[in-house]
Amino acid sequence: MSIPKLRFRADDGSGFPEWEEKRLDEVVDFLDAQRKPLEAGERVAGPYPYYGASGIIDYVKDYIFDDELILLSEDGANIIDRNYRVAFLAKGKFWVNNHAHVLKAINGNVNYFICEELETFDYKKYNSGGAQPKLNQATCRLIMMHMPVISEQQKITAFLSTIDEIITTTQSELTVWEERKKGVMQKIFNREVRFKADDGSEFPEWEEKRLGELYQKNTERNGNQFTKERTISISTMKYNSEGNGADEKSLPSYKVLRVGDIAFEGHENREFAYGRFVLNDLGDGIMSPRFSCLRPIQPMINGFWKYYIHYEPIMRQILVRATKKGTMMHELVYDDFYKQTIKVPSLPEQQKIADCLSSLDDVINQIQAELSAWKEFKKGLLQQMFV
């Protein structure tokens, strides 16, 4: 059996025994029979986490477990895509639906260690689903684990838990700054807080303008200006160097997205009920012709409109009246959009607001970078500490 690159020693300096191979059902009990799914309409809001395949998806008034347990995703694309954890610990009082296996370490084995080892596996070979990936219980029971003695499991758990504490603290700091930014945006865009000019004078009142005075439909097509490397992902506002999978022959028909242009992305989610606008502050490029795009027709401070045009509390009422429900997402109705009005500050005040919000983003981005670095550090440790 392979040997981990990074090993701990016992307190007396001696080496631990070699790791042993054991089936998963030899080191955990499966508690799946105790799970109970609740439809959204059946859930009554409360203090207890309600877990699904991807973690906490709601909070309910009751619980079915009061313990520290391992949850392992049973189905969903993430089993293959791995955009977030597949195995995670749940502690205290909570409810679990039927989309996550519920496991509990037995014979003195450590939940945390087993959970972290399960997180390192590639589950493609265990997938028993078709279009919807699935890990059935029978297959999971036979997963071969590499298990050190319990005292080494405890050493590994104690060490990695210190990294987890740093990650949790950094995540909490990030959340605080993100909430702080939301509060600042709310006060600024509701005009509860106003900036002053450098000479201390008051800026003019925000002026109500029709959106048709500010934007017009962007009809510029690519032709042969840009190659696929300049394809912009509207969801992330980043260049996709591989394009978006479309035939290169279709690129001439793509829309050109210039700096300052806004694109409408019509998928609804919890944060954006009718879709959202995204301002291009990345650079000139192209985007799929299926997205609506508008170009400013007045001088604007991009750093201000980047936040303002994307701000759901302001834009929701506009989009309610300026979109229609399409087959897969909301579609922008240009003529209706042009009729809507929005309060607009003067250009100098736009710049003040942009500088303020940008400085908050600088702090948030720095903390996000620290968080990512710690996660990568832990990932590197896991690769060396597990077979």
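The present account deals with the structure reproduced in this document. Since we're looking at a predicted model, the values are computed, not measured.

### Observations regarding the packing of helix α4 (residues 150-189) against helix α9 (residues 347-385)
Running from N to C, α4 and α9 point in directions that differ by 165°, and their axes come no closer than 10 Å. One finds that α4 runs roughly antiparallel with respect to α9. Helix-helix and strand crossings are classified by hand; for α4 and α9 the assignment is left-handed. Residue classes in the contact of α4 with α9 are distributed as 25 nonpolar, three polar and eight charged.

### Section: the environment of Ser372
Inspection of the secondary structure puts Ser372 in helix α9. Classification of Ser372 as partly exposed rests on a relative accessible area of 35%. It is 26 Å that separates the C-alpha atoms of Ser372 and Phe8, two residues lying 364 residues apart in sequence.

### Some points on the pattern of salt bridges
Two side chains carrying opposite charge are able to pair once their charged atoms lie near each other. For the coordinates displayed, the defined rule picks out 32 salt bridges. One salt bridge in this structure joins Glu205 and Arg194, with 3.6 Å as the shortest N-O distance. Of the two residues, Glu205 sits in the loop between α4 and β9 (207-210) while Arg194 sits in the loop between α4 and β9, which places them 11 residues apart along the sequence. The shortest N-O distance in the salt bridge between Asp284 and Arg258 comes to 3.1 Å. With Asp284 in the loop between β15 (276-279) and β16 (285-287) and Arg258 in the loop between β13 (255-257) and β14 (262-265), the pair connects residues that are 26 residues apart, well separated along the chain. By relative accessible area, which is 25% here, Asp284 ends up partly exposed. Relative accessible area serves as the criterion here: at 22%, Arg258 is assigned to the partly exposed category. Among the charged side chains, a network of salt bridges with common partners joins Glu220, Arg258, Asp261, Asp284 and Arg295.

### A word on unusual backbone geometry
Non-glycine residue Arg82 carries a positive phi angle of around 55°. Looking at the secondary structure, you find Arg82 in the loop between α1 (78-81) and β6 (87-96). Of note, Arg191 is a non-glycine position whose phi angle comes to about 65°, a positive value. With respect to the secondary-structure elements, Arg191 resides in the loop between α4 and β9.

Analysis parameters
- Residues numbered from 1 in each chain as written.
- Predicted model: local features only at pLDDT ≥ 70, side-chain atom pairs only at ≥ 80, totals over all residues.
- Heavy atoms only, no water.
- Axes fitted to C-alpha atoms, helices over the stretch in contact; angles between N-to-C directions.
- Helix = DSSP H or I, 4+ residues; strand = E, 2+ residues; numbered from the N terminus.
- Parallel < 35°, antiparallel > 145°, perpendicular 65-115°, else oblique.
- Left-handed = near helix turned anticlockwise from the far one by under 90°.
- Nonpolar A, V, L, I, M, F, W, Y, C, P; charged D, E, K, R; others polar.
- Buried < 20%, exposed > 50% of the residue type's maximum accessible area, 1.4 Å probe, protein only.
- Salt bridge = Lys/Arg side-chain N within 4 Å of Asp/Glu carboxyl O.

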